[in-house]
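Close look at the chain arrangement
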Amino acid sequence: MAAAAKAIKFAYNGALANNLRKFTWNNLWGGREYGLLFHDTYFEPAPEVTEALRRLNLQEPHLFDQRKIRLSRAHTLALHGEKLPKAEWTQYENETWYLKPYLDEIEAEKKARAESSGLIPPYQMKQH
């Protein structure tokens, strides 16, 4: 497993949860067939994901660019009805969960704001 992924803390980190996570990733999720990482498939219009991507672009632009390249390649493959050769599929050991620190930070901010003032975070406000 990548060094960055080893530092990631999940709510459930026991052996059973890790094995279930790996089984699901390898057998039930099709993104690996296109060379995607799990967070590449997060729903971008969700305000938390949009904010996490904005922070990722500011703090680690190379990861943001790599994400765009992976998504572009996956869309091209899907458009042509193709998949990568099995040797090029993303391996679970290479998964980095690169958005998790940003998403955790955003959730903590939302929780702190709700407990203190109850105001809506700026990235959740309707923008015209």
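Residues numbered from 1 in each chain as written. Predicted model: local features only at pLDDT ≥ 70, side-chain atom pairs only at ≥ 80, totals over all residues. Heavy atoms only, no water.

Under an unreviewed UniProt entry, the name given to the protein is Cytochrome b-c1 complex subunit 7, and the organism recorded is Caenorhabditis angaria. Quoted verbatim from the Subcellular location (unreviewed entry) field of the UniProt record, the comment on the protein reads "Mitochondrion inner membrane". (UniProt positions renumbered as here; feature names shortened; annotations may be inferred.)

Looking now at helix 5 (residues 100-116). With 17 residues, helix 5 ought to run about 24 Å at 1.5 Å a step, and its terminal C-alpha atoms sit 24 Å apart, in line with that. Buried within helix 5 are the following residues: K100, Y102, L103 and I106. Buried residues in helix 5, looked at end-on, bunch into an arc of 165 degrees, giving them a common side. Summarising the geometry of helix 5, the exposed residues directed more than 90 degrees from the buried face are K111, E115 and S116. Considering only its buried residues, helix 5 is in contact with helix 3 (47-59). (Helix = DSSP H or I, 4+ residues; strand = E, 2+ residues; numbered from the N terminus. Expected span 1.5 Å × (residues − 1). Buried < 20%, exposed > 50% of the residue type's maximum accessible area, 1.4 Å probe, protein only. Arc of directions from axis to C-beta. Contact = heavy atoms within 4.5 Å.)

Bringing the packing of aromatic side chains into the picture now. Applying the stated rule across the entire model yields six aromatic pairs. Centroid distance W25 to Y92: 5.6 Å. Interplanar angle 70 degrees. Geometry classified as edge-to-face. With W25 in helix 2 (residues 15-27) and Y92 in the loop between helix 4 (61-79) and helix 5, this pair connects stretches of sequence that are 67 residues apart. Both residues of the pair, W25 and Y92, belong to the buried class. Relative to W97, the ring of Y92 lies with its centre 6.5 Å away and its plane at 70 degrees, an arrangement referred to as edge-to-face. Classification of Y92 by relative accessible area gives buried; the value is 6%. For W97, a relative accessible area of 6% gives the class buried. Each member of the aromatic cluster is reached from another via a ring pair, and the members are W25, W29, F38, Y42, Y92 and W97. (Phe/Tyr/Trp six-rings, centres within 6.5 Å; stacked < 30°, edge-to-face > 60°.)

As a further point, take unusual backbone geometry. Phi angles above zero are rare outside glycine, and W97 is one such case at about 50 degrees. Mapping W97 onto the fold places it in the loop between helix 4 and helix 5.

Further remarks concern the packing of helix 3 against helix 4. Put simply, helix 3 and helix 4 touch, their axes get as near as 5 Å, and they point 120 degrees apart. Our classification of the angle between helix 3 and helix 4 gives oblique. Two secondary-structure elements touch here, helix 3 through L53, L56, N57, L58 and Q59 and helix 4 through P61, L63, F64 and R67. The residue inventory of the contact of helix 3 with helix 4, partitioned by class, reads six nonpolar, two polar and one charged. (Axes fitted to C-alpha atoms, helices over the stretch in contact; angles between N-to-C directions. Parallel < 35°, antiparallel > 145°, perpendicular 65-115°, else oblique. Nonpolar A, V, L, I, M, F, W, Y, C, P; charged D, E, K, R; others polar.)

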